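One letter stands for each residue in the lines below.
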Amino acid sequence: MRYFIVILILTGLFLSPVRAQDNPVIILNGKNVEFTKPVLFRDNMFFLPADDKGTGNIVKYFEGTISCNEEEVYIAKSGKPSRFKIGQKRTILSGQEGTTMYPSFFQDNHIYLSLDDFTSALYVHYIFDKEVNSIKFLPAIYSISCKEIEDRIDILASATSQIDYRINYSKEDFSFIVEVPDCFVSLSGNIVPGNSDIIKDIKTSQMDNIACLKIILKRAVPIAISPRINLSSIPIRIDLSGNPVTELWLPEVSEDLLKEECHLKRPGLIKNLDFEVTPDKKIIRIDTGGFLAYEWHRLSEGDNRFYIDFTRAVLRRKSLIKLIQDDIISDIKLVQITNKPELVRLVFQLKKKVNLIVVPSEDKINELLIVISNNEDLSEEFPVTGKGFFGRASSGSTIVIDPGHGGRDTGAINSSMGLQEKDINLDIALRVEQLLIKAGYNVILTRMTDRDLTWDGSPDRMELEARTDVANNLKASVFVSIHNDSSCNKDLNGTCTYYYKDIDYDLACILQKHLIAQGGLKNRGIKRSDFYVLKHTDMPAVLLEIAFMSNKGNALLLMTSEFRDKVAVGICNGLMEYLENIVLHRK
């Protein structure tokens, strides 16, 4: 086993101190950070009030800790302490002794720390926009490691907080390119992982606010982003076992497919990928949220690769891999090739010469099947290309349904009846999804299984932010968060709908009306509350409290499939009335 590790120590980037002023707008993850004490500007440097809640929130976001006393400011990140003595230039930065140009100081009974020292201690980056007097914090890639073992090479790029990415492939030099927007990597040039038989070079570069990682291979081997457990890192795996996870340096997308007319206003969502084995065939099932056009290709003998392109299509994630242990088909990979136009490609490799067909499902309207024979046939010539479409066009409205809680967060619990809120929320959400799809709507669930949205045990703030990001990024028409209530007062019962923004009010009224009509519980009305998922969604949003799990009568109803069906019908009817009448009238 061989290890190669590069650690990057990052400092803040101060683009221009010209005409800077006190109290700049501080931006973190696209949102303004609120301070109770002023941010100061002196000696061409900004100083943050180290003991302010706003500073603490920034530190918490980047998963660090901070404490202050009369003698020093203490910041720890990734187990490495930084200490800044009041009024002294001598410091300890990330466990190493050093000096600072901007000593911390007292003013108006508050401790101030320079922005350069603050960002260096957290391994983060910032940019200053003098035109609007704002400071924007950005994550930074601070570590790139490469580990070679017998059957694979694992490359890990680690950042100071949650990052997104997009991938590209170069057919010219067998390179795999990862671009991370709104992020910095301070090491430019080459990262050579020793004497590797597979990796020719690893390079990092910076283009404006985009950090780039380019892995150049000596030959074409399977390489892909592994499933991300920690969203502040990007794990990349190169497979050396001979398992043919199909490489994506395939022919360009067909011009005919790109010209295909599509009457949908919004791209269709590819929801899931499944693989089924029967005695006489194997079936790949592609589940979507509506109408999609596609074109498939089977490459020449000796290559045996198969790919299918979907136009006007999007994935929840950048890619989806289905690991297969089979004698005929390799692992299956589904990747968002481009966002403009919206193109998704599914690829796999056939290990034997077998026939396959691509057909819409007879059982499900929005499902496409790739049916692969189990019998090898060396004599027959098989079709090499085809195209078509499947699914039912949606109404154009995208509805995001958020089953509250999930994973390690159970929500409310009724121990005596064995009920967990997260399970009931998900069950109702899945019923709502099926009703809305049949009605022709494009429906997105923030979760479809019992899991955390980000990673196992992630902070509550990050979980809530991930839920609102799903709706905001998809520019959804409405957002509905499904919950069930609980109270120490066992007599409390009934249904309540919460809203926050003015644009939420009509949706809240209509959904509450239909929930009471279908569910028949006590009407607790609509109430205004600044729940995170209501406050940070860009579209009309509501949070439903269907019933009280702590009330015996309500809990007994929640246990029944009949009641959950009634609730789902109520939510579906309310959404259809809102979208077909209120929204249409406004337009």
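What you are looking at is a predicted structure, and each value in this text was computed from that prediction instead of being measured. (Residues numbered from 1 in each chain as written. Predicted model: local features only at pLDDT ≥ 70, side-chain atom pairs only at ≥ 80, totals over all residues. Heavy atoms only, no water.)

Caption draft 1: Inspection of the overall build of the chain at higher detail. Counting secondary structure elements, the chain contains 9 helices and 42 strands. Taken across its 587 residues, the chain has 53% of its residues classed as buried. In the form shown here, the chain has an accessible surface area of approximately 26900 Å², with 49% of it arising from carbon and sulfur atoms. (Helix = DSSP H or I, 4+ residues; strand = E, 2+ residues; numbered from the N terminus. Buried < 20%, exposed > 50% of the residue type's maximum accessible area, 1.4 Å probe, protein only. Areas by Shrake-Rupley, 256 points an atom, 1.4 Å probe, with all protein chains shown as cover.)

Caption draft 2: Inspection of the packing of aromatic side chains at higher detail. Per the counting criterion, the structure on display carries 13 aromatic pairs. Members of the aromatic cluster, each reached through a chain of ring pairs, are Phe47, Tyr102, Phe105 and Tyr112. When the ring centre of Phe105 is taken as origin, the NZ or CZ atom of Arg42, which lies over that ring, is 4.1 Å away. A cation over a ring is seen here: Arg528 above Tyr500, with NZ or CZ 5.6 Å from the ring centre. (Phe/Tyr/Trp six-rings, centres within 6.5 Å; stacked < 30°, edge-to-face > 60°. Lys NZ or Arg CZ within 6 Å of the ring centre and 35° of its normal.)

Caption draft 3: Structural context of helix α2 (residues 115-122). The element α2 is largely enclosed, with a buried count of 7 among its 8 residues. Looking only at α2, the buried set comprises Leu115, Asp117, Phe118, Thr119, Ser120, Ala121 and Leu122. A positive backbone phi angle near 55° is found at Tyr123, which sits one or two residues after α2.

Caption draft 4: Quick peek at the pairing of strand β9 (residues 90-93). With 2 bridges joining them, strand β8 (residues 80-85) and β9 adopt antiparallel strand pairing. Within β9, the residue paired with Arg83 across the bridge is Ile92. In this structure, the hairpin formed by β8 and β9 is closed by a connection of 4 residues, where Gly87 is found at a positive phi of approximately 80°. Pairing geometry for β9 and strand β10 (residues 96-99), over 4 bridges, is antiparallel. In the strand pairing of β10, Ile92 is matched with Glu97. Connecting the antiparallel pair β9 and β10 is a turn made up of 2 residues, with Ser94 showing a positive phi of about 55°. (Pairing = 2+ DSSP bridges.)

Caption draft 5: Broad picture of the environment of Lys53. With respect to the helices and strands, Lys53 occurs in helix α1 (residues 53-61). Spatially, the C-alpha atom of Lys53 lies 9.5 Å from that of Val33, the residues being 20 residues apart in sequence.

Caption draft 6: View of unusual backbone geometry. Positioned with a positive phi, Asp108 is a non-glycine residue whose angle comes to about 55°. Along the chain, the position of Asp108 falls in the loop between β11 (105-107) and β12 (110-114). At Asn133, a position not held by glycine, the phi torsion is positive, near 55°. Structurally, Asn133 can be placed in the loop between β13 (125-129) and β14 (134-138).

Caption draft 7: Structural detail: the sheet that holds β12. Read from one edge of the open sheet, 4 strands run β4-β5-β12-β11, paired in antiparallel fashion. Each edge of the open sheet carries a strand with a single partner, namely β4 (40-42) and β11. In this sheet, neighbouring strand axes are inclined to one another by 40° on average, regardless of whether the strands run parallel or antiparallel. Strand direction decides the pairing type here: strand β5 (residues 45-49) and β12, joined by 3 bridges, are antiparallel. Directly across from Pro49, in β12, lies its bridge partner Tyr112. Of the strands in this sheet, β5 and β12 are in contact with α2, which crosses β12 at around 75°. (Axes fitted to C-alpha atoms, helices over the stretch in contact; angles between N-to-C directions. Contact = heavy atoms within 4.5 Å.)

Caption draft 8: Main features of the confidence of the model for the chain. Looking at the chain as a whole, its pLDDT mean stands at 82, while 83% of the residues score no less than 70. When the criterion is pLDDT under 50, residues 1-20 qualifies, and its contacts beyond four places in sequence or with other chains add up to 70 contacts. Contacts of residues 261-265 to residues separated by more than four positions or lying in other chains number 9 contacts, the stretch itself having pLDDT below 50. (pLDDT = per-residue confidence, 0-100.)

Caption draft 9: A look at the pattern of salt bridges. In this structure the tally under the stated criterion is 22 salt bridges. The residue Arg285 makes a salt bridge to Glu276 at a minimum N-O spacing of 2.9 Å. Judged by relative accessible area, Arg285 falls into the partly exposed class, the value being 23%. With a relative accessible area of 30%, Glu276 lands in the partly exposed category. Of the charged contacts in the structure, one is a salt bridge between Lys422 and Asp450, with a shortest N-O distance of 3.0 Å. In this pair, Lys422 is assigned in helix α4 (residues 421-438) and Asp450 in the loop between β38 (442-445) and α5 (460-473), connecting sequence segments 28 residues apart. One network of salt bridges, with partners in common, ties together Asp427, Arg431, Arg564 and Asp565. (Salt bridge = Lys/Arg side-chain N within 4 Å of Asp/Glu carboxyl O.)

Caption draft 10: Spotlight on the sheet that holds β13. The strand order β3-β2-β14-β13 describes an open sheet built from 4 strands, whose pairing is mixed. On the outer flanks of this sheet lie β3 (31-32) and β13, each paired with one strand and no other.

Caption draft 11: Spotlight on the nonpolar core. Core analysis: the biggest nonpolar cluster contains 38 residues, and Ile401, Leu436, Ile546, Ile571 and Leu575 have the highest contact counts within it. Per element, the largest residue contribution to this core is 8 residues, and it comes from helix α9 (residues 561-586). When residues no more than four places from it in sequence are discounted, the contact partners of Leu575 are Ile399, Ile401, Leu436, Val478, Val480, Leu507 and Leu511. (Core = buried A, V, L, I, M, F, W, Y, C linked by side-chain atoms within 4.5 Å.)

Caption draft 12: Structural detail: the environment of His514. Here His514 lies in helix α6 (residues 505-519). Between the C-alpha atoms of His514 and Cys572, which are 58 residues apart in sequence, the distance is 8.7 Å. Residues in contact with His514, not counting those within four places in the same chain, are Gly570, Asn573, Gly574 and Glu577.

Caption draft 13: Here's a closer look at α6. The end-to-end C-alpha distance of α6, which contains 15 residues, comes to 21 Å, matching closely the 21 Å that a straight helix rising 1.5 Å per residue would cover. Of the residues one or two after α6, Gly520 is the one with positive phi, at around 75°. (Expected span 1.5 Å × (residues − 1).)

Caption draft 14: Focus on the side chain of Asp402. By secondary structure assignment, the location of Asp402 is in strand β35 (residues 398-403). A distance of 2.5 Å separates polar atoms of two side chains, one belonging to Asp402 and the other to Arg467. (Polar contact = N/O pair within 3.5 Å; in protein donor to acceptor, adjacent residues only side chain to side chain.)

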